[in-house]
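# Structural features, examined
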Amino acid sequence: MARERRRRAPEGPRPHERGPRGAAAAAGAGARKSPRARGAAAAWARGAAVAALGLACGLLAARWGLSSFASSGATRPHPAARALPANSSSAAAAPGLFWGSYRPHVYFGMKTRSPRAPVAGLMWLRPSEAEVRLRHTCEQSDGLARYGWLLHDGLRFGAQEIRDAGLSLQTEFVKRPGGRHGGDWSWRVTARPERMAGAPPAFISLLFYVATDGQGTLQPLVAEKNRMASLTGTTEELGDFTITFQQPTNEAGTTPLYASYNYLQAKAEGLHRLSDVVKASLSPRFVYAPPGAPKRRYFGVDTYRGPPEGTEPRSQLLVHQVTMAVPCRLEVLFESSSVADRAGRLAGEVLAQELARHRGAFEERFERTFGLARKGFSAQEQDFAKAAFSNMLGGMGYFYGHSLVQSPQSDRPQPSPEGPLFTAVPSRSFFPRGFLWDEGFHQLLLSRWDPALAREVLAHWFDLMNAEGWIPREQILGEEARSKVPAEFVVQHSSAGNPPTFFLVLQQLLAQGAADGPYLRRLYPRLQSWYDWYNRTQAGPVPYTFRWRGRDQDTQMFLNPKTLTSGLDDYPRASHPSPDERHLDLRCWMALASSVMAKVAVQLGEPAGDYQHMAEALADNQLLEQHHWAGALGTFADYGNHTQAVLLERERLQPPPPGQPLPTPRLLRVVRKPPRLQFVGGALGYVSLFPLLLQLLQPESPRLGALLAHMRSEKQLWTPFGLRSLARSSPLYLKHNTEHDPPYWRGPIWININYLAVRALHHYSRLAGPFQEAAAALYQELRTSLIGNVFRQYQESGYLWEQYHDGTGKGQGCYPFTGWSALVLLMMAEEY
């Protein structure tokens, strides 16, 4: 599947690729002169500055005891002091953030920010006597018409809507501070029939559960036959607590409802097995018999016979099941024993008032932050924007565990030390875990709402750095996260990079004045190591060039071997991977990284010269053109061993011996013309735009005009819905990469790159130059098209999507994708 490409681990580099080549190995003189005063030939002399940078990186490695080639370095943590203080996520240090909806992979659930957190959650069952359709974890196969947060402030309040074929569920929570363990919280779940969306259910079963994760105890209080009225518990992080299950009422909360009750007390192998335990315990023998209504059988939790023999249960599980007619409302109250001065229970009218108060506060803060009403957006458009934002913020997860790391120097994968990660996720259904380059885009949005939150997220990521300065590009921490990933995709390769988008976030925080000295001081040693890692391991074949490691080496099966590490997966590169490649996008990312490193160093009073010289070199438009301007193609391009004369054909097989079955011929790549070292033709698209996207081109550069023309050409990148990822004129446009590998970055519209394009156009529209008016016009047109289409698709489908079809604008790929697709909000707010 195309979507699986984001999860697939790349191969490591060949041994001869691991030396300090390219930029880090260059030597020369004259780097301190103005970059615009020098020609490309003089720019080559700037190798001395890069050599100095390499020397500085070497001194840094010696200072911190780093070893680039020691096999243990891949799993050994970075020796610098952690960017986050010890216990920074604890209830004592951050009580407001201790509890939260930090389980993005379930439709509704909460946990604490602690290593072995107890969890609470909701499952539901629609009435059926024939089969069990248990809803719990977010699955595209469930076919829900819509689900997602409508409002979420990231701290104390959230309201979510779930629509499931004739049923509407509204899940709300609110927290109240107090005590020593993060305070109290309450849930309110309201179920309503939706007659326009299919046959509404006559009744429904809601299953509320609480489970431990390896430590702590839970004890049910059964008030009457099968009704668990409450439970008490204790864990190391929470102390003693009580959870109360209020009896159901009508939708207004004024009249009690008849209900049937079941409860389950069981043990599970772990939190990743909770759905399995509940399903295995269900029995159809129960009868729902409200007065004056027909009796109906339903599935209820009954008896669980225990985990398979030979497995060690580590989780206690209590389930409270309520079966009742719809519409209905239930409330669940968590109360910490350390709250001594509780001002009444957070239930009923008190809960309703608190929810209304927080809703109003969110609405006011949202408008103050993003100003959509002031810009004239309709109420529907504003609601859409709030949902896009709230889904990203409400999709934040807290994970704890280890990565499985494969080093080029080791024979088999090794576990890294366990650690925490607080991060947003791209998709609650398909990618409910951390992805490095996605997270940079996520925090561009969240940093506008809460800069402190963005700083903490970045620090969490940098604290997962190993001794070599490498951060795994995909974070699969803990059993729940690992249960959503096929085993073959779990291993992370320590030679594999990812676009360093955290520098975009740091650039933004610096511009906001939201990155103070103490924070940057804690982060700085790890920033240096990360920057050094890219210069040391991803350097290109000549000075000031860079090359992604980890391209697929199979030139027989793939039409164009993928470059998963670039984040652009199947975007066309040189047809034949080789050490001679020069990758334009990585060079531009490193220009951004160098510029931000220089600013951070200056702010801290640290030596900044080497970073400044590298930033100047990589921003030098003449040198950029020398390495990547393809005059014959009229655009910027990669360079490598390339031919466009490739295609996929069925192999011709010899007839098998008599009586033997005829084998299925494979679809294999055929090369009609040998490759040669040249600029990569037939690949006009997102990569070609990177000098513009990251704002490296001078406003008077004629190359800026050429890129603007490519962007606006309907035969190339322009569509009424946004910029397509690969030009229609490309021979690989919408082409499968293998028989079963459909196009991913070969035509569809991606919102993260379109956001960078809108941001860059806004930048150039404000700079005097021959293309200022063209950039301004294109900015308005592209921004309007993107906002209009993403909003329209949300209205029609109920979701934001991973990508959008370049011919129809329809959402496609996985959903809900409220990771970087939520950047549409920043376009609406014109926050760049």
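The structure presented is a predicted model; accordingly, all values stated were derived computationally and were not measured. (Residues numbered from 1 in each chain as written. Predicted model: local features only at pLDDT ≥ 70, side-chain atom pairs only at ≥ 80, totals over all residues. Heavy atoms only, no water.)

Bringing the overall build of the chain into the picture now. A count of helical and extended segments in the chain gives 19 helices and 32 strands. Here the C-alpha atoms of the chain give a radius of gyration of 28 Å, agreeing with the 28 Å that 2.2 N^0.38 yields for 832 residues. For the chain, the spread of C-alpha atoms along the three principal axes comes to 90 × 75 × 60 Å. Expressed as a percentage of the 832 residues in the chain, the buried residues total 61%. (Helix = DSSP H or I, 4+ residues; strand = E, 2+ residues; numbered from the N terminus. Rg over C-alpha atoms; globule rule 2.2 N^0.38 Å. Buried < 20%, exposed > 50% of the residue type's maximum accessible area, 1.4 Å probe, protein only.)

With that out of the way, let us pick up the sheet that holds strand E12 (residues 239-245). Here eight strands make up an open sheet; going across it, the order is E5-E6-E7-E8-E17-E12-E11-E10 and the pairing antiparallel. Looking at the sheet topology across the chains shown, the edges are occupied by strand E5 (146-152) and strand E10 (217-224). For this sheet the average axis-to-axis angle between neighbouring strands, irrespective of direction, equals 15 degrees. Two strands pair when backbone bridges link them, and strand E11 (residues 227-235) and E12 are joined in this way by six bridges, in the antiparallel orientation. (Pairing = 2+ DSSP bridges. Axes fitted to C-alpha atoms, helices over the stretch in contact; angles between N-to-C directions.)

On to the nonpolar core. With 211 residues, the main nonpolar core has Trp124, Leu206, Phe370, Phe389, Leu692 and Trp745 as its most contacted residues. The biggest single contributor to this core is helix H12 (residues 584-604), with 14 residues. Once residues within four sequence positions are removed from consideration, Leu692 is found in contact with Leu697, Leu704, Leu707, Leu708, Met711, Ala760 and Tyr764. With 20 residues, the next largest nonpolar core counts Val119, Leu271, Leu282 and Val301 among its residues. (Core = buried A, V, L, I, M, F, W, Y, C linked by side-chain atoms within 4.5 Å. Contact = heavy atoms within 4.5 Å.)

With that settled, consider the packing of helix H5 (residues 348-370) against helix H7 (residues 436-449). Running from N to C, H5 and H7 point in directions that differ by 110 degrees, and their axes come no closer than 9 Å. It follows from the interaxial angle that H5 and H7 lie roughly perpendicular. Every residue of H7 that contacts H5 at Phe362, Arg365, Phe366, Thr369 and Phe370 is listed here: Leu445, Arg448 and Trp449. Among the residues forming the contact of H5 with H7, the class breakdown is five nonpolar, one polar and two charged. (Parallel < 35°, antiparallel > 145°, perpendicular 65-115°, else oblique. Nonpolar A, V, L, I, M, F, W, Y, C, P; charged D, E, K, R; others polar.)

Taken as a whole and judged by the stated rule, the model has 53 aromatic pairs. On the numbers, 5.6 Å between centres and 85 degrees between planes, the contact of Phe441 with Trp820 is edge-to-face. On the criterion of sequence distance, the pair formed by Phe441 in helix H7 and Trp820 in the loop between strand E32 (811-812) and helix H19 (824-829) is long-range, its members being 379 residues apart. Residue Trp820 is classed as buried on the basis of its relative accessible area, which comes to 0%. For the ring pair Trp745 and Trp820, a centre distance of 6.4 Å and an interplane angle of 70 degrees mean the geometry is edge-to-face. Of the two residues, Trp745 is situated in the loop between helix H16 (702-712) and helix H17 (751-764) and Trp820 in the loop between E32 and H19; the sequence distance between them amounts to 75 residues. Through a chain of ring-to-ring contacts, the aromatic side chains of Trp99, Phe108, Trp149, Phe173, Trp185, Trp187, Phe208, Phe241, Phe245 and Phe334 assemble into a single cluster. (Phe/Tyr/Trp six-rings, centres within 6.5 Å; stacked < 30°, edge-to-face > 60°.)

Evaluated as defined, the whole model comprises 42 salt bridges. Here Glu364 and Arg368 are joined by a salt bridge, their closest N and O atoms 3.7 Å apart. Of this pair, Glu364 and Arg368 both sit in helix H5, four residues apart, roughly one helical turn. Residue Arg551 is joined to Glu581 by a salt bridge in which the shortest nitrogen-to-oxygen separation is 2.8 Å. Pair noted here: Arg551 is in the loop between helix H11 (517-537) and H12 and Glu581 is in the loop between H11 and H12, with a separation of 30 residues, a long-range link. Its relative accessible area of 2% is what places Glu581 among the buried residues. By sharing partners, the salt bridges in this structure join Arg82, Asp463 and Arg526 into a single network. (Salt bridge = Lys/Arg side-chain N within 4 Å of Asp/Glu carboxyl O.)

Turning our eyes to something else, we now look at unusual backbone geometry. A cis geometry characterises the amide bond from Val326 onward to Pro327, with omega recorded as 5 degrees. If you trace the backbone, Pro327 turns up in the loop between strand E16 (315-325) and strand E17 (328-336). Residues Tyr815 and Pro816 are joined by a peptide bond in cis, for which omega reads -10 degrees. Here Pro816 is to be found in the loop between E32 and H19. Within the chain, Glu830 stands out as a residue other than glycine whose phi angle is a positive 55 degrees. Residue position: Glu830 is located in the segment after H19. Overall, Glu830 belongs to the partly exposed group, its relative accessible area being 27%.

This next bit is on the packing of H7 against helix H8 (residues 451-462). Relative to each other, H7 and H8 sit at 160 degrees, their axes nearing to 7 Å. Of the possible angle classes, the one that applies to H7 and H8 is roughly antiparallel. Both H7 and H8 take part in a crossing whose hand is left-handed. Note on element contacts: H8 touches H7 through Pro451, Ala454, Val457 and Trp461, opposite Leu436, Glu439, Gln443, Ser447 and Trp449. For the contact of H7 with H8, the residue count by class is six nonpolar, two polar and one charged. (Left-handed = near helix turned anticlockwise from the far one by under 90°.)

End to end, H12 covers 31 Å across 21 residues, agreeing with the expected 30 Å (1.5 Å per residue, within 8%). Looking at the residues trailing H12, positive phi occurs at Gly605, about 75 degrees. (Expected span 1.5 Å × (residues − 1).)

Below, the discussion takes up the sheet that holds strand E19 (residues 404-406). With mixed pairing, the three strands of this open sheet are ordered in space as E20-E19-E24. A strand with exactly one partner marks an edge of an open sheet, and here the two such strands are strand E20 (414-415) and strand E24 (492-493). Both E19 and E20 contribute to a ladder of two bridges, which runs antiparallel. Residue pairing for E20: Val405 is matched across the bridge by Gln414.

The subject of this paragraph is the environment of Gly166. Mapping Gly166 onto the fold places it in the loop between strand E6 (157-163) and strand E7 (167-176). Between the C-alpha atoms of Gly166 and Pro193, which are 27 residues apart in sequence, the distance is 5.8 Å.

This part takes up helix H4 (residues 274-281). Listing the buried residues of H4 in full gives Leu274, Ser275, Val277, Val278 and Ser281. Projected down its long axis, H4 carries its buried residues within an arc of 165 degrees, all on one side. (Arc of directions from axis to C-beta.)

A separate point is the confidence of the model for the chain. Averaged over every residue, the pLDDT of the chain is 90; residues scoring 70 or more account for 91%. Low pLDDT, under 50, characterises residues 1-71; the stretch is placed with 182 contacts to residues that sit more than four places away or in other chains. (pLDDT = per-residue confidence, 0-100.)

Time to look at the side chain of Arg582. Its location among the elements puts Arg582 in the loop between H11 and H12. The charged side chain of Arg582 is buried without a salt bridge, its nearest counter-charge being Asp580 at 7.9 Å. Separated by 3.1 Å, the side chain of Arg582 and the backbone oxygen of His627 make a polar contact. Discounting residues that sit within four places of it in the chain, Arg582 has contacts with Pro541, Val542, Thr545, Phe546, Gln626, His627, His628, Asp638, Tyr639 and Phe679. (Lys, Arg positive; Asp, Glu negative; His and termini not counted. Polar contact = N/O pair within 3.5 Å; in protein donor to acceptor, adjacent residues only side chain to side chain.)

Another point: the environment of Glu468. Tracing the backbone through its elements, the reader meets Glu468 in the loop between H8 and strand E23 (474-475). Residue Glu468 is classed as buried on the basis of its relative accessible area of 7%. The spacing of Glu468 and Ala81 is 387 residues in sequence and 15 Å in space, taken between C-alpha atoms.

Attention now goes to the pairing of strand E9 (residues 203-211). Summarising burial for E9: nine of the nine residues are buried, a large majority. Burial along E9 is two-sided: the face carrying Phe203, Ser205, Leu207, Tyr209 and Ala211 and the face carrying Ile204, Leu206, Phe208 and Val210 are both buried. Pairing of strand E3 (residues 119-125) with E9, which is carried by seven bridges, proceeds in the antiparallel orientation. Residue pairing across strands places Val119 opposite Ala211, the latter belonging to E9. Here E9 runs beside E16; their pairing, made up of nine bridges, is antiparallel. Each bridged residue has a counterpart across the sheet, and for Ala211 the counterpart in E16 is Leu317.

Within the secondary structure, Arg374 is located in the loop between H5 and helix H6 (379-394). Relative accessible area serves as the criterion here: at 62%, Arg374 is assigned to the exposed category. Taking C-alpha positions, Arg374 is 51 Å from Glu131, a pair spaced 243 residues apart along the chain. Apart from residues no more than four positions distant in its own chain, Arg374 is found in contact with Glu367 and Arg368.

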